[in-house]
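Overview (structure and organization)
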Amino acid sequence: MNVILQKSFERTLDQLSARAVPGDRFEAWTFDDRESRAVVERKLAEQGITARIRSAYKPLLAFFLEEVDLNGIEAIEIRYPVHAAASENRFRLETYPLAALVGDAKTTFIPRADDGFFYDVMLTGAGTAQSFTVLAPNRVHQDRVGQTNLSPTGWLRRAGETSGERLETDYEAVFEAAISAIADYDWGQVEPYFEELNIRIGHPASDEPLAIGDEVVSLREALHEDLYFSLLEFFQKKSARPLGDRGLKPGMIVPEVVKADGAITLDIATRVLSTAFLDGAEQAIDVAREPLAAAQVTAQLEAIGGESFAARTRSGRIVSARYIAGSDAPVMVSGGQHPNETTGIVGALRAAAKLTGRQGAHFTVSPLENPDGYAVHQRLRRDNPRHMHHAARYTALGDDLEYRTHENSAGHVNEKEIRFKAQELSSAQLHVNLHGYPAHEWARPLSGYVPRGFAAWTLPKGFFLIVRHHAGWESQSETLLDRVTRHLGEIPGLLAYNDRQIALYEIHAGETGFRIINGFPCLISVDDRHTVPMTLITEYPDETIYGEEFVAGHTAQMELVLSAYAAWQEIVPVS
């Protein structure tokens, strides 16, 4: 292990307390959980100090959760700012999922003509009206890759002041210190730069679950996400790649933001890769309530039978797959490309087990294509089981295996070899690639709030499908989507689930931008990058769900595979 930085940070709440004297009155906005802020307010009050400490993260949502009595309120009108340095719906997004937390009150969002950092709120009901101005402290700044961001920030307003001033918080300071230490380190010039780059932060904020779906206010999760993607962007720039280039191979970047009391701590070091898994107990696969143990994935795959084939990861872990030869039109089935998207792994195994009972079955299945990422996901879930953990998304090389080719791999074909072998063995013209996405809001609060390059994935919008096909396969793609969405619509509760998520999405973000086919959002595009002519990608909101929701998720993935396989036999029948 090579230590790059070890540092601690005094909490902003402690700094505010130490500076205040009896008789002081002030308002502050910090990145702290509700209880921590309330405790400090009470302690200051005991000293004769009047303080109101609000949340700098999602301030309007916090205002409604902490300060508003909705009893008798029938309508809520929110006028939000629109700033030139952000998307039109940025401040509207930041209020999510407010509309689902206000009971029967009708919520209306109206963009304001000015870009002042505040919301105008009007509450009406029972013949009365109340108006409020809710500050939303932000700053315009440039990040390490030269992008201009409009980001939430701390704020301090003393008694008698109209506007107040920016307060650099501990949350912002630890983020900047981590990025700066890594950006200023000598990484050499050749990818990969390390095996694992570990950023461990001890932070006192508790998560606050919300009364809708899987939604939660989590400062620690947001910090993990912002660190991970900000560091990807730094290394993309260092390697002279465009921002968002998924072929980047820096090594495995792993922020671990864990719950810890006291001062905030930051430890940055490089580590060697391991080949261990942190497996849990075996589960009955049809009703598995959480991600499977890696050993169970292997055992379930072996039980499918057929011809075994494999590839090897950077760490040395094995990627296993099976080929079932038959007379049907062949189909490739895969899961675990992004192994924090866990319902597809179970869904692929369940579907494969059912397909083996079909006369003439002809398919390949590779349920866990990125075991290195899966091991990181297991590790991160130990501390934060409800976080989305995008650090587990890519391989130990740090790239998205989907974008790896023989030509750009620099000798590191590794996991991607499983796809090449699957197509060589089966000659499949359809690849069903099972994925997921966040089941609750995904934000990067210190880098513009909306995840750069992933704006369409920031809020859940139900189970949706993507088809990428070669030119000339338009008709087949339309038929395939019509068939599978009709089948999915027969799963009890799934359409209603989609409708609820889409409705909330549209209130806070606007139109999805997707075609709705039989109740399911779909995207269709011509893409000759894939070697298989037709790729059907699923996106189930599964980061991170458990229990009955997890069962529903992998059941939907399984049903999708089975319906796509059946439809494909009619779309491209074997002569």
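For the structure itself, consult the block above.
Structure report, in brief. (Residues numbered from 1 in each chain as written. Predicted model: local features only at pLDDT ≥ 70, side-chain atom pairs only at ≥ 80, totals over all residues. Heavy atoms only, no water.)

Considering the overall build of the protein
When helices and strands are counted, the protein shows 13 helices and 25 strands. Principal-axis analysis of the C-alpha atoms gives the protein an extent of 85 × 60 × 45 Å. Looking at the protein as a whole, 59% of its 575 residues qualify as buried. In the protein, the proportion of contacts linking residues at least 24 apart, taken out of those at least 6 apart, comes to 77%. Working note: accessible area of the protein is about 21800 Å², and carbon and sulfur atoms make up 49% of it. Side chains of the protein give 56 positive and 79 negative charges; the mean places of these two sets differ by 2 Å. (Helix = DSSP H or I, 4+ residues; strand = E, 2+ residues; numbered from the N terminus. Buried < 20%, exposed > 50% of the residue type's maximum accessible area, 1.4 Å probe, protein only. Contact = heavy atoms within 4.5 Å. Areas by Shrake-Rupley, 256 points an atom, 1.4 Å probe, with all protein chains shown as cover. Lys, Arg positive; Asp, Glu negative; His and termini not counted. Charge placed at Lys NZ, Arg CZ, Asp CG, Glu CD.)

Looking at the side chain of serine 426
Here serine 426 lies in helix H10 (residues 417-426). At 3.2 Å, the side chain of serine 426 and the backbone nitrogen of alanine 428 are in polar contact. (Polar contact = N/O pair within 3.5 Å; in protein donor to acceptor, adjacent residues only side chain to side chain.)

Notes on the sheet that holds strand E3 (residues 50-55)
Pairing in this open sheet of four strands is mixed, and the strands run E3-E2-E10-E11 from one edge to the other. Strands with a single pairing partner mark the edges of an open sheet, and in this sheet they are E3 and strand E11 (165-167). Within the sheet, the average angular offset between the axes of one strand and its neighbour, ignoring direction, is 25 degrees. In this structure, strand E2 (residues 25-30) lies alongside strand E10 (residues 154-158), joined through four bridges in antiparallel fashion. Looking at E10, one finds that glutamate 27 is bridged to arginine 157. Strands in contact with helix H1 (residues 12-19) are E2, E3, E10 and E11; relative to E2, the strand with the most contacts, it is inclined by about 170 degrees. (Pairing = 2+ DSSP bridges. Axes fitted to C-alpha atoms, helices over the stretch in contact; angles between N-to-C directions.)

Side note on the packing of aromatic side chains
Here the distance between the centres and the angle between the planes together describe a pair of aromatic rings. This structure, assessed with the given rule, holds 24 aromatic pairs. In this structure, arginine 90 packs its charged tip against the face of phenylalanine 91, placed 4.5 Å from the ring centre. Against the face of phenylalanine 277 rests arginine 317, its NZ or CZ located 4.9 Å from the ring centre. (Phe/Tyr/Trp six-rings, centres within 6.5 Å; stacked < 30°, edge-to-face > 60°. Lys NZ or Arg CZ within 6 Å of the ring centre and 35° of its normal.)

Examining the packing of helix H7 (residues 294-304) against helix H8 (residues 343-355)
Two elements in contact, H7 and H8, have axes separated by 9 Å at closest approach and are oriented at 20 degrees. Between H7 and H8, the interaxial angle falls into the category roughly parallel. Considering the relative orientation of H7 and H8, their crossing is left-handed. In contact with Val297, Gln300, Leu301 and Ile304 of H7, H8 contributes Ile345, Leu349, Ala352 and Ala353. (Parallel < 35°, antiparallel > 145°, perpendicular 65-115°, else oblique. Left-handed = near helix turned anticlockwise from the far one by under 90°.)

A word on the environment of asparagine 518
Here asparagine 518 lies in the loop between strand E23 (515-517) and strand E24 (520-526). Sequence separation between asparagine 518 and proline 385 is 133 residues; the distance between their C-alpha atoms is 34 Å. Residues contacting asparagine 518, with those up to four places away along its chain left out, are Asp482, Thr485, Arg486 and Leu495. Among the polar contacts listed, one links the side chain of asparagine 518 to the side chain of aspartate 482, at a separation of 3.2 Å. One polar contact links asparagine 518 to threonine 485, side chain to side chain, over a distance of 2.9 Å.

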